[in-house]
Amino acid sequence: MLPRKMMTHGSTTTGTSTTSTSRQLKRKRTLITFSEDVSVKLIPTLGELADREYADTYYTHGELRQLKESTMVEIRELRYFCSTRKAFAAAANPDTSSGATITADLYSNAQAATLPSNFCHRGIEHLRSVEANEHRRSTRRSCVRSVLVEQYAQYDGGYVDPMALGRVASNASASSRLEAVRKGNADAAEAR
């Protein structure tokens with residue numbers, strides 16, 4: 001069973017300090033301090049929950065199965081929409097060099113392909129095709145690889161610079177961040 005909500009309280013503050021080593025290399029070390037203003041909310045154990053509270057807090061196996069099934073239906077709709085739109089575009093501009101043709105039935109299905117008005121694919125765009133999913137994985141691997149290369153360089157140089165690691169990760173994920181901002185702005189404009 002999975003909890004419906006996760007709660008966090010309190011805050012932390014981080015900073016950096018610089019210390020010198022015998023080789024005059026600067027090492028940055030993160031200092032963590034905790035806020036004096038702490039609020040604690042006791043969360044009852046499973047045995048302390050009334051039946052109604054338990055049902056309101058946790059998903060049942062049936063609810064989880066229903067969520068999974070509805071998500072899979074949406075993914076299938078998204079994939080169908082994307083594939084038929086791709087076929088429609090190919091039919092409008094046929095590439096006769098390959099010898100492939102598009103049947104009239106597929107062409108009419110592509111023309112009729114629309115998503116329901118309440119359909120939102122935000123968060124599952126990468127599942128629209130194998131290529132989109134592989135692009136997402138490739139982008140993530142590239143970002144991780146960039147950070148690892150920087151970590152190894154720091155290790156070989158005998159220093160630690162978390163800010164440099166952050167800059168490397170930020171640069172490696174810049175295109176994804178810009179795309180997220182673009183999509184967020186488009187969603188906000190559509191909601192107005």
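In case you missed it, the structure is sitting above this.
Calculation rules
- Residues numbered from 1 in each chain as written.
- Predicted model: local features only at pLDDT ≥ 70, side-chain atom pairs only at ≥ 80, totals over all residues.
- Heavy atoms only, no water.
- Salt bridge = Lys/Arg side-chain N within 4 Å of Asp/Glu carboxyl O.
- Buried < 20%, exposed > 50% of the residue type's maximum accessible area, 1.4 Å probe, protein only.
- Helix = DSSP H or I, 4+ residues; strand = E, 2+ residues; numbered from the N terminus.

Points about the pattern of salt bridges
Thought 1: Taken as a whole, this structure holds five salt bridges when the rule is applied.
Thought 2: Between Arg-167 and Asp-161 there is a salt bridge; the shortest N-O distance is 4.0 Å.
Thought 3: For Asp-161, a relative accessible area of 17% gives the class buried.
Thought 4: Between Glu-179 and Arg-182 there is a salt bridge, with its nearest N and O atoms 2.5 Å apart. Placement of the pair is Glu-179 and Arg-182 together in helix α6 (residues 174-191), with a separation of three residues, close to one helical turn.
Thought 5: Judged by relative accessible area, Glu-179 falls into the partly exposed class, the value being 31%.
Thought 6: Judged by its relative accessible area of 47%, Arg-182 falls in the partly exposed class.
Thought 7: The structure contains a network of salt bridges with shared partners spanning Glu-134, Arg-137 and Arg-141.

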